[in-house]
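Commentary on secondary and tertiary structure
What follows is each chain in one-letter form.
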Amino acid sequence: MKPLLRIYRYLPPPAERAPCALTIGNFDGVHRGHQAMLARVCQAARERGLTPSVMTFEPHPREYFAALHRRPELAPTRISGLRDKLAALARHGVSQVVVERFDARLAEMSANSFIEQLLVEGLRTRWLLVGEDFRFGHKRSGDIELLREAGMRHGFEVQTLADVADQHGHRISSSEVRTALAVGDLDRARHLLGHPFHISGHVIHGQKLGRTLGFPTMNLRVAQRCAARSGIYVVQVHGLAGRPLPGVASLGVRPTVEDRGRVLLEAHLLDETVNAYGKLVRVEFLHMLRDEEKFPDLPSLTAAIAEDARNARAYFAVHGL
């Protein structure tokens, strides 16, 4: 049975505003540090009879300011799309998510207005957990001290959580996950996330080129600025059978066959034929085989795909599914 998650694109309507235990952040990837925060929120909600809630932002504030100042290189890459983020929040016990649009209105909102309009009136916050370096409001003018003062006036408790570190003392953060994915270190990413990196989405129609080459693929749209390195991966695909299906996938812009620069995920199932169009699947990345490459012609591309499939089968022969 799937956990129930109420999702609001702005604040809940007044009739649906139940007192909540809240945490605030971008939660890109919902890594192990995020999971520790969510566990605290859910525990506080259980103990106090509150709704475990998250406020997150779309787009990422750094993405908004990068566009505003015409510095696209400053925008962070994305570990997960919104669907995967919401699914992860639900898996970790959250029952209410407010996806606040980060725009000029929010960027220019004063810290006191943020507290009064969003936390107090909009969400009826009774317990709040944020990171120790949490800043909010216009020009990041709000801090923990201001939150605690407001909490005393408005009746909500403020708790902070220090950075979460792994067993080697290394900080677990979205930036660390992005770095691991950028260099194709899936083992490191899995360690930080607590699960294999994955991309989910509905299978869409493509150019059908893979079918003509003898390697039919399932095509998935990918979030802009995907954090994962473009390349060829050993994957397993969930959502098409009662078990994960082994495959090999290409993540990238397909330089041999088109020049539009749009990132696409194409997964080829090994020794399986499934009608997947329109179905929601989750592609888990297990091992990187090689970087994306532009080939001089289609026969060279076909030979490379065949070699990739052989290498993927060799991986599963050793590691299993």
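See the structure printed just above.
This section reports on the structure supplied with the text. (Residues numbered from 1 in each chain as written. Predicted model: local features only at pLDDT ≥ 70, side-chain atom pairs only at ≥ 80, totals over all residues. Heavy atoms only, no water.)

Among the secondary structure elements, Asp28 is positioned in the loop between strand 2 (20-24) and helix 1 (32-48). A distance of 3.0 Å separates a polar side-chain atom of Asp28 from the backbone nitrogen of Ser80. Only 3.1 Å separates the side chain of Asp28 from the side chain of Arg178, close enough to count as a polar contact. With sequence-adjacent residues up to four places away left out, Asp28 is seen in contact with His34, Thr77, Arg78, Ile79, Ser80, Ser174 and Arg178. (Helix = DSSP H or I, 4+ residues; strand = E, 2+ residues; numbered from the N terminus. Polar contact = N/O pair within 3.5 Å; in protein donor to acceptor, adjacent residues only side chain to side chain. Contact = heavy atoms within 4.5 Å.)

So, on to the packing of aromatic side chains. What the rule picks out here adds up to nine aromatic pairs. For the ring pair Phe134 and Phe136, a centre distance of 5.5 Å and an interplane angle of 15 degrees mean the geometry is stacked. The class for Phe134 is buried, based on a relative accessible area of 14%. Here Tyr315 and Phe316 contribute two aromatic rings whose centre-to-centre distance is 5.6 Å and whose plane-to-plane angle is 85 degrees, an arrangement assigned as edge-to-face. Accessibility assignment for this pair places Tyr315 and Phe316 in one class, buried. Clustering of aromatic rings is evident, with ring pairs tying together Phe57, Tyr64, Phe65 and Phe102. (Phe/Tyr/Trp six-rings, centres within 6.5 Å; stacked < 30°, edge-to-face > 60°. Buried < 20%, exposed > 50% of the residue type's maximum accessible area, 1.4 Å probe, protein only.)

This next bit is on the nonpolar core. In this structure, Leu251, Leu265 and Phe285 are the most contacted members of the largest nonpolar core, which totals 33 residues. Contributions of two or more residues to this core are made by helix 7 (174-182), helix 8 (186-193), strand 8 (218-221), strand 9 (231-238), strand 10 (245-252), strand 11 (264-269) and strand 12 (280-291). Membership of the second largest hydrophobic core comes to 29 residues, among which are Leu106, Leu118, Phe136 and Leu146. (Core = buried A, V, L, I, M, F, W, Y, C linked by side-chain atoms within 4.5 Å.)

Our next topic: the sheet that holds strand 2. Strand order across the open sheet formed by six strands is 1-4-3-2-5-6, with parallel pairing between neighbours. The open sheet has two edge strands with one neighbour each: strand 1 (6-8) and strand 6 (157-161). Direction aside, neighbouring strands of the sheet carry axes that sit 20 degrees apart on average. The sheet contact formed by strand 2 and strand 3 (residues 51-58) spans five bridges and is parallel. From the neighbouring strand, Thr23 faces strand 3, where its bridge partner is Val54. (Pairing = 2+ DSSP bridges. Axes fitted to C-alpha atoms, helices over the stretch in contact; angles between N-to-C directions.)

Pairing is antiparallel in the open sheet, where six strands are placed in the order 7-12-9-10-11-8. With partners counted over all chains shown, the strands left at the sheet margins are strand 7 (198-202) and strand 8, one partner each. Averaged over all neighbouring strand pairs, the angle between strand axes comes to 35 degrees, with direction disregarded. Judged from the six bridges that link them, strand 10 and strand 11 form a sheet pairing that is antiparallel. When the bridges of strand 11 are listed, Ala249 appears paired with Ala267. Packing against the sheet, helix 10 (residues 298-319) makes contact with strand 9, strand 10 and strand 12, and its axis sits at approximately 105 degrees to strand 12.

Let us now look at the environment of Ser53. Summarising the element assignment, Ser53 is placed in strand 3. Taking the relative accessible area as the measure of exposure, Ser53 reaches 1% and is therefore buried. Considered as a pair, Ser53 and His287 are 234 residues apart in the sequence and their alpha carbons are 34 Å apart. The contacts of Ser53, once residues within four sequence positions are left out, are Cys20, Ala21, Leu22, Thr23, Val41, Val94 and Gln96. From its side chain, Ser53 meets the backbone oxygen of Thr51 in a polar contact 3.0 Å long. Polar side-chain contacts of Ser53 include one of 3.0 Å to the side chain of Gln96.

The terminal C-alpha atoms of helix 1, which comprises 17 residues, lie 24 Å apart, in line with the 24 Å expected from a rise of 1.5 Å per residue. Among all positions in helix 1, only Gly33, His34, Gln35, Met37, Leu38, Val41, Cys42, Ala44 and Ala45 are buried. Backbone geometry just after helix 1 places Gly49 at a positive phi near 70 degrees. (Expected span 1.5 Å × (residues − 1).)

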